Amino acid sequence: ENDNEYNKYITFVNNYKYKFKKITYTVHPSIKNEISGKSANESWAVRHIFKHSTIESLENTYITVCDVDSYFHHNYFEVLTQHILKETNPHNKIWNCPKITLKNFDLLSNLNKSRYINVSLIICGSLDFKYLPPMSSYTVSLKSIHNADYWDTRVIAEDHQLFLSLINSQKGNFEKKIIYLPFFSNAPSGNSYYTNFNVFNQSLRWSYGSQLIYNTI
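Residues numbered from 1 in each chain as written. Predicted model: local features only at pLDDT ≥ 70, side-chain atom pairs only at ≥ 80, totals over all residues. Heavy atoms only, no water.

## Some details on unusual backbone geometry
1) Next: Of note, the phi angle at N33 is positive, near 75°, even though the residue is not glycine.
2) Next: On the secondary structure map, N33 appears in the loop between α1 (3-16) and α2 (38-51).
3) Next: One non-glycine residue, S136, lies in the positive phi region at around 75°.
4) Next: Within the secondary structure, S136 sits in the loop between α5 (110-125) and β4 (138-141). (Helix = DSSP H or I, 4+ residues; strand = E, 2+ residues; numbered from the N terminus.)

## Describing the side chain of S136
1) Next: Its relative accessible area of 5% is what places S136 among the buried residues.
2) Next: S136 has contacts with K38, V65, C66, D67, K99, D159 and F183, leaving out every residue within four places of it along the chain. (Buried < 20%, exposed > 50% of the residue type's maximum accessible area, 1.4 Å probe, protein only. Contact = heavy atoms within 4.5 Å.)

## With respect to the sheet that holds β4
1) Next: As summarised here, the arrangement of the four strands in space is β1-β4-β2-β5, forming an open sheet in which the pairing is mixed. Taken across any chain shown, the strands that pair with only one partner, and hence form the sheet edges, are β1 (62-65) and β5 (175-178). Across the sheet, the mean angle from the axis of one strand to that of its neighbour is 25°, orientation sign disregarded.
2) Next: Along the sheet face, helix α7 (residues 158-169) touches β1, β2 (93-96), β4 and β5 and points at about 35° away from the line of β4. (Pairing = 2+ DSSP bridges. Axes fitted to C-alpha atoms, helices over the stretch in contact; angles between N-to-C directions.)

Just geometry here; none of it tells us what the structure is for.
Laid out in structure tokens, this is it:
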């Protein structure tokens, strides 16, 4: 832990403590054979949550994963709760919503405006494919995550990996549900070499997910 990260946490708590029942955070240490990133961080944090859960809370705890630039629709968690309560078995479901990577549209170069309009259309157009993994943000029960042995700390594409692990842990009896509310995120902004380099690296990370699907099959 360092002072800068702790100060970020304190600032977040002070800004949002009235909107949540409780806010906590975990510090993920550097561990041998782990890839530093979202997958390892999520695995560490959610194992911490499980460690402090009771059997009753395990049945009623749901984990929503997102990125730092995630912008949920203001009704997302209300609609999500309705979906969960209506399901006879919510533990074999994962909830996802249309991702639109255009929150900072005005800051994009013309080339990247075209790219991310098409990326958003492709993502939204493929939502109904039952076994297409969610992207970036999703909600799933803590019980399901625990039974799937959490995220693999050696991969980059954590969303694809967890989805495949969930299907495998429930012997195929698992499905993706769509919440039809827009979910916004940012695209790499600017008009320089470094912007295009960031776009390339983003595409490279996404390609790791395709590799996971191939390896699983």
